[in-house]
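Observations on chain architecture
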Amino acid sequence: MDYLYIEKCVKELKERILKERVIKIYSDYRLFSVKIGNSFLNIYTGQPNALFFSNENLVSSELQGFNIIQGTFVRAVKLPVIDRVIEVETVKLLPSGSFELYFLIFELTGKNANVFLLNQKRKILSLLREVKSSIRPISRGEIYTFPPQEKKEFQELEFGKVKREGIEKNLHKFVAGISPLNGKEIAYLFEKFGNLQKAYEEFLRKHKESKSAFLYYEKGKPKYMTTFFYQSLKNLEFKKFLGNFPYTKCWEFYYREKIEKEKVNSLKKSLLKDVEKRIEALKKEIEALKSKEELLKEAEENRKLGELLKYNLNSLKPGKKSVKVFDYYTNQEIEVPIDPSVSLQKNVEKYFSKYRKLKRKAEYEETLRKKLEEELLEQEFLKSSINEKESLEELKSFLPETKEKEKRKKNFKVYILPSGRKIVVGRSSKENEFLSLKLANPWDIWFHAKEMPGSHVILRLEKGEKPSEEDIVLSAAAAAFFSKGKQSGKVAVDYTEVKNLKKPKGAPPGFVVYENEKTIFVNPELFSSFSKESKKS
């Protein structure tokens, strides 16, 4: 972002924060946020930089090194040099009647962007990013100096014969406060006036008189911001910002469109990578399992061979790798493999032992298969939910704070209805809240037993899709089954779209209020029967 755009933003800062009280400072390393009065001033030091206001706090972590200015009042906001540097002067009134001055310095200088806190002697008390510099002192305890000013003001320079191409490529290298984008527009105006002085003056006039900000798009993505409409960018799609505080609002829009979207995509990619990795692992585990029928067949074969050996024990000679016996099941002679290093009796015992192990394995692997298939459904549901979320706040709710929390979040139950649609059941108050207020989409349908404790049940739908009557009845029956009314003959169940849910401030986990609901009376046994049939299949 260029100096001239920041100049416009400083005027808006003066309107919004002068004489306001500094409440609290927050940061997440790249994003610095200070609550001043009733709003938050945000400085993003990542690439590209950003400065904007928000009504909500975008950062949860308090920044301890800056808390000395909490309670101070903003006395001045200025541009101390012709560069992308903003100075906010704050004052603290002392009980003695004297006062202390502090300075917040916002350097919006691209990849080296930073925030500094200075005392009244301009000594650095704290800084957002600890970096080393061979050009100037920027460590705690040192006297702050502004970034080196190597350019000169336009009036101080003498220009010989110039061409449009030269202005576009080189003007920003010599003139203070001019960016490559500014140079491009001045070059465009030079083509019109044929005089660099006039082109520069016209450029500044348009800048000073403008009350609108412009955001330009390249290939569908936000690319440039200007203080007035640039003719040199007229072929690009653009968005115009009018009204109160258009420049900081434009910058906020740019931040949320570009920077936050990149964060969203990055976090979504990371979350999906973990989920997809687990899905692949589960599929491989399930594929590696033998079916119950296969294992029981193998067990029965071992029992049969053990029986045949046992029946013919007295007529067989030990010490061989196999023996021939008459199979009275098929009325044919068959060859039975044996271990020559042990007695025939031991071989009989080994076959029966293997038979018992395979039977146990068949039961265990059948249980394991169901468990893995349930988790696979849960993970696929998680994947679908993550894909549908478009905000950073929504995606952050999928990040486990601890391993224990991660386990809890994965503990919901997923069922596939006969229609192929899925219902998801919460199994604790915290899980109910996460499911209904974080995972579910606004158009999904929420079910809960009326006026009694129970699980939240979510019927998943595609946007614009309508559920069948059977889907409604079975989902309601699930809510009744997973409630205190489980043993009742008929249970009243309320249902409504998820967008109609709201958690009151200060309410306990899992507690929601809702509107536009409908009520249906269902028998919990209906879901119990459906669940049993599903397990059989």
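Heads up: the structure comes first, above all this text.
Residues numbered from 1 in each chain as written. Predicted model: local features only at pLDDT ≥ 70, side-chain atom pairs only at ≥ 80, totals over all residues. Heavy atoms only, no water.

**Topic: the overall build of the protein**
Secondary structure assignment for the protein yields 12 helices and 22 strands. The globule rule puts the C-alpha radius of gyration for 537 residues at 24 Å, and the 36 Å found for the protein is more than 25% above it. Principal-axis analysis of the C-alpha atoms places the extent of the protein at approximately 120 × 60 × 60 Å. The buried share among the 537 residues of the protein stands at 45%. (Helix = DSSP H or I, 4+ residues; strand = E, 2+ residues; numbered from the N terminus. Rg over C-alpha atoms; globule rule 2.2 N^0.38 Å. Buried < 20%, exposed > 50% of the residue type's maximum accessible area, 1.4 Å probe, protein only.)

**A short note on the packing of helix α5 (residues 246-288) against helix α7 (residues 344-388)**
As a packed pair, α5 and α7 sit with axes 9 Å apart at the nearest point and diverge in direction by 160 degrees. Our classification of the angle between α5 and α7 gives roughly antiparallel. At the point where α5 passes α7, the crossing takes the left-handed sense. Along its contact with α5, which presents Lys 268, Leu 271, Leu 272, Val 275, Glu 276, Arg 278, Ile 279, Leu 282, Lys 283, Glu 285 and Ile 286, the element α7 presents Arg 369, Leu 372, Glu 373, Glu 375, Leu 376, Gln 379, Glu 380, Lys 383, Ile 386 and Asn 387. (Axes fitted to C-alpha atoms, helices over the stretch in contact; angles between N-to-C directions. Parallel < 35°, antiparallel > 145°, perpendicular 65-115°, else oblique. Left-handed = near helix turned anticlockwise from the far one by under 90°. Contact = heavy atoms within 4.5 Å.)

**Some points on a nonpolar patch on the surface**
Where nonpolar side chains cluster on the molecular surface, the patch consists of Tyr 311, Phe 326, Tyr 328 and Tyr 329 and spans about 480 Å² of accessible area. Checked against the element boundaries, Phe 326 lands in strand β13 (residues 322-327). (Patch = residues over 30% accessible without salt bridge, like charges linked within 9 Å, V, L, I, M, F, W, Y side chains within 5 Å. Areas by Shrake-Rupley, 256 points an atom, 1.4 Å probe, with all protein chains shown as cover. Salt bridge = Lys/Arg side-chain N within 4 Å of Asp/Glu carboxyl O.)

**What about the side chain of Ser 27?**
Inspection of the secondary structure assignment puts Ser 27 in strand β1 (residues 22-27). For Ser 27, a relative accessible area of 9% corresponds to the buried category. A distance of 3.4 Å separates a polar atom in the side chain of Ser 27 from the backbone oxygen of Leu 31. (Polar contact = N/O pair within 3.5 Å; in protein donor to acceptor, adjacent residues only side chain to side chain.)

**So, the nonpolar core**
With 47 residues, the main nonpolar core has Phe 32, Ile 86 and Trp 251 as its most contacted residues. By size, the runner-up hydrophobic cluster in this structure holds 30 residues, among which are Ile 286, Phe 412, Val 424 and Ile 458. (Core = buried A, V, L, I, M, F, W, Y, C linked by side-chain atoms within 4.5 Å.)

**Focus: unusual backbone geometry**
Note the cis peptide between Gln 47 and Pro 48, where omega equals -10 degrees. With respect to the helices and strands, Pro 48 occurs in the loop between β3 (39-44) and β4 (50-54). A positive phi angle is found at Phe 245, which is not glycine, with a value near 50 degrees. Within the element layout of this structure, Phe 245 appears in the loop between β12 (237-241) and α5. Positive phi, close to 55 degrees, is recorded for Glu 451, a residue that is not glycine.

**Some details on the environment of Leu 118**
With respect to the helices, strands and loops of the structure, Leu 118 is situated in strand β8 (residues 114-119). Look at Leu 118 and you get buried, because its relative accessible area is 0%. For the pair Leu 118 and Tyr 144, spaced 26 residues apart in sequence, the C-alpha to C-alpha distance is 7.5 Å. Aside from chain neighbours lying at most four places away, what touches Leu 118 is Tyr 102, Phe 103, Ile 105, Lys 123, Ile 124, Leu 125 and Tyr 144.

**Thoughts on the packing of helix α2 (residues 164-174) against helix α3 (residues 180-193)**
Relative to each other, α2 and α3 sit at 155 degrees, their axes nearing to 8 Å. Relative to α3, α2 is oriented roughly antiparallel. For α2 against α3, the interelement crossing comes out right-handed. For the pair α2 and α3, the contacting residues are Arg 164, Ile 167, Glu 168, Leu 171 and His 172 in the first and Pro 180, Gly 183, Lys 184, Ile 186, Ala 187, Tyr 188, Phe 190 and Glu 191 in the second.

**Description of helix α11 (residues 469-481)**
Compared with the 18 Å implied by 1.5 Å per residue over 13 residues, the 18 Å span of α11 between its first and last C-alpha is a close match. Three or more residues of α11 are buried, namely Asp 471, Ile 472, Leu 474, Ser 475, Ala 476, Ala 477, Ala 478, Ala 479, Ala 480 and Phe 481. (Expected span 1.5 Å × (residues − 1).)

**What about the packing of aromatic side chains?**
The relative placement of two aromatic rings is captured by the distance of their centres and the angle of their planes. Applying the stated criterion across every chain, the model contains 31 aromatic pairs. With a centroid separation of 5.9 Å and 55 degrees between ring planes, the pair formed by Phe 214 and Phe 238 is classed as tilted. Taken together, the residues span a long stretch of sequence, with Phe 214 in strand β10 (residues 213-218) and Phe 238 in strand β12 at a distance of 24 residues. Between Tyr 216 and Phe 238, the aromatic rings sit 6.3 Å apart at their centres with planes inclined by 45 degrees, giving tilted as the arrangement. Residue Tyr 216 is located in strand β10, and its partner Phe 238 is located in strand β12; the two are separated by 22 residues in the primary sequence. Classification of Phe 238 as partly exposed rests on a relative accessible area of 39%. In textbook terms, an aromatic cluster arises when at least three aromatic residues are bridged by ring pairs, as seen for Tyr 415, Phe 481, Phe 482, Phe 527 and Phe 530. Over the ring of Phe 53 we find Arg 16; its NZ or CZ atom is 4.0 Å from the centre of that ring. It is Lys 239 that lies over the ring of Phe 253; its NZ or CZ is 5.1 Å from the centre. (Phe/Tyr/Trp six-rings, centres within 6.5 Å; stacked < 30°, edge-to-face > 60°. Lys NZ or Arg CZ within 6 Å of the ring centre and 35° of its normal.)

**Some words on the sheet that holds strand β9 (residues 124-127)**
What the 5 strands build is an open sheet, ordered β5-β6-β7-β8-β9; its pairing is antiparallel. Whereas interior strands pair on both sides, the edge strands pair on one side only; in this sheet they are β5 (73-78) and β9. Averaged over all pairs of adjacent strands, the angle between their axes in this sheet comes to 20 degrees, without regard to strand direction. Packing against the sheet, helix α1 (residues 3-17) makes contact with β5 and β6 (85-93), and its axis sits at approximately 160 degrees to β5. (Pairing = 2+ DSSP bridges.)

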